[in-house]
Amino acid sequence: MWARSHVTRANREGGAVRDPAGRGLGGRPEGVRVVPRLGPQPLWWGKLESRVGPQRAMKVLLLTALGALFFTYYWDDNFDPASLQGARVLLTGASAGVGEELAYHYARLGSHLVLTAYTEALLQKVVGNCRKLGAPKVFYIAADMASPEAPEHVVQFALDKLGGLDYLVLNHVGGAPAGTRGRSAQATRGLLQAPPSSESRPRPGLPLRPVTRGRRLQVNLLSYVQLTSRALPSLTDSKGSLVVVSSLLGRVPTSFSAPYSAAKFALDGFFGSLRRELDVQDVDVAITMCVLGLRDRAPAAEGVRGVTRAEAAPGPRAALAVIRGGATRASGVFFPRRCRLLCLLRRWLPRPRAWFIRQDLNVSAAAAA
């Protein structure tokens, strides 16, 4: 009876609980305060507090709340497939890999398409499949993005055929994303002068074109800037979206990928800065950066076979993730989802130890190749 009345009075007055001997309740020395409870506590909180203690219970509650906020922010999906019906889309790199899958998804959704890539024969095959899948309008133009004149020509062709643009999807790439140690050194020099390859050979009926300096840099970076600059006025008029298909190597550098990572990091910096400039100027054009990991059916999967232990993700699912992100005007897309975690880990561990890198890398195979 004494304890209950004194505890009640002490909690009401905010003072310490003392017995007649001057000691606190439960044998506590004088001066130790009893923290009052703020109102009735739920039954589940009492059980949690009794098991792990009040401080740890508060940490668990805080982490749970943060997890719920994270889930709500990043997993909110208001994708409406009907919004892409009749949308005017210019898609680069559409002849193979994730670009081909993007074309097929857009065709199923009823978008009007202009497809471009280097190889005309592959483009014709993709165009035929898109028409079978129900695309109302499909046009194509074969172009070599290593030529400084090609980006403007491609965008003008799309504007003439579609009357404007709602989506510019940049997906083309030049050069292998990764390779062995020796190939990586050669490719680094290729940023300034690339060796002749199958891509640099002229198509039948065209005059011989010498290999130009900075070919890969032109394809992987400068052509993106040129296409964006030329298409931005039309996207501004339509309040459209700019979708950039990038790579995990543009956020998390790894071994044997120096030239490719350099170009992708540059893309991330350019479009991140452009997004802020458009926001400041109140230009309603969304920019969606798509960070994709290794995909099956992609040339990159063959280039790193036996070198990396990373599993390739399905290409059609990666393409659908890109389309959903662009349609919902998301600022970023990560596929597979573990790519987001890897990007966060890089901030926490900017210089990972060699042991950590070797978990996804077959170093002996890379050195022997």
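Note that this is a predicted model, so its numbers are computed, not measured.

1. Concerning the environment of Val-225
And step 1. Locating Val-225 in the fold gives a position in helix α8 (residues 215-238).
And step 2. Residue Val-225 is classed as partly exposed on the basis of its relative accessible area, which comes to 27%.
And step 3. Sequence-wise, Val-225 and Pro-151 are 74 residues apart; in three dimensions their C-alpha atoms are separated by 9.1 Å.

2. A closer look at the confidence of the model for the chain
And step 1. Looking at the chain, the pLDDT average stands at 74 and 56% of residues meet or exceed 70.
And step 2. Note on residues 1-14: pLDDT is under 50 here. Beyond four places in sequence and across chains, it has 15 contacts.
And step 3. Within the model, pLDDT remains below 50 along residues 194-213, and this stretch shows 25 contacts once partners closer than five positions in the same chain are excluded.

3. Side note on the nonpolar core
Side chains of nonpolar character tend, in soluble globular proteins, to be buried together.
And step 1. Leu-84, Leu-102, Leu-113, Leu-115, Cys-130, Tyr-167 and Val-169 are the most contacted members of the largest nonpolar core, which totals 35 residues.
And step 2. Setting aside chain neighbours within four positions, we find Leu-115 in contact with Leu-91, Ala-94, Ala-103, Leu-123, Val-126, Val-127, Cys-130, Val-138, Phe-139, Tyr-140 and Ile-141.

4. Side note on the packing of helix α6 (residues 150-162) against α8
The relative placement of two packed helices comes down to the angle between their axes together with the axis-to-axis distance.
And step 1. Packing of α6 against α8 brings their axes to within 8 Å, and their N-to-C directions diverge by 30°. It follows that α6 is roughly parallel to α8 by the angle criterion. Of the two possible hands of crossing, α6 and α8 adopt the one that is right-handed. From α6, Pro-151, Glu-152, Val-155, Gln-156 and Leu-159 reach across to α8, where they touch Ser-223, Gln-226, Leu-227, Arg-230, Ala-231 and Ser-234.
And step 2. When the residues that make up the contact of α6 with α8 are grouped by side-chain class, the tally is five nonpolar, four polar and two charged.

5. What about the packing of aromatic side chains?
And step 1. Tallying each qualifying case throughout the model produces one aromatic pair.
And step 2. Look at Phe-270 and Phe-271: their rings are 4.9 Å apart centre to centre, the planes differ by 80°, and that puts the pair in the edge-to-face class.
And step 3. Phe-270 sits in the partly exposed class, given a relative accessible area of 30%.
And step 4. A relative accessible area of 0% means that Phe-271 is categorised as buried.

Parameters at a glance
Residues numbered from 1 in each chain as written. Predicted model: local features only at pLDDT ≥ 70, side-chain atom pairs only at ≥ 80, totals over all residues. Heavy atoms only, no water. Helix = DSSP H or I, 4+ residues; strand = E, 2+ residues; numbered from the N terminus. Buried < 20%, exposed > 50% of the residue type's maximum accessible area, 1.4 Å probe, protein only. pLDDT = per-residue confidence, 0-100. Contact = heavy atoms within 4.5 Å. Core = buried A, V, L, I, M, F, W, Y, C linked by side-chain atoms within 4.5 Å. Axes fitted to C-alpha atoms, helices over the stretch in contact; angles between N-to-C directions. Parallel < 35°, antiparallel > 145°, perpendicular 65-115°, else oblique. Left-handed = near helix turned anticlockwise from the far one by under 90°. Nonpolar A, V, L, I, M, F, W, Y, C, P; charged D, E, K, R; others polar. Phe/Tyr/Trp six-rings, centres within 6.5 Å; stacked < 30°, edge-to-face > 60°.

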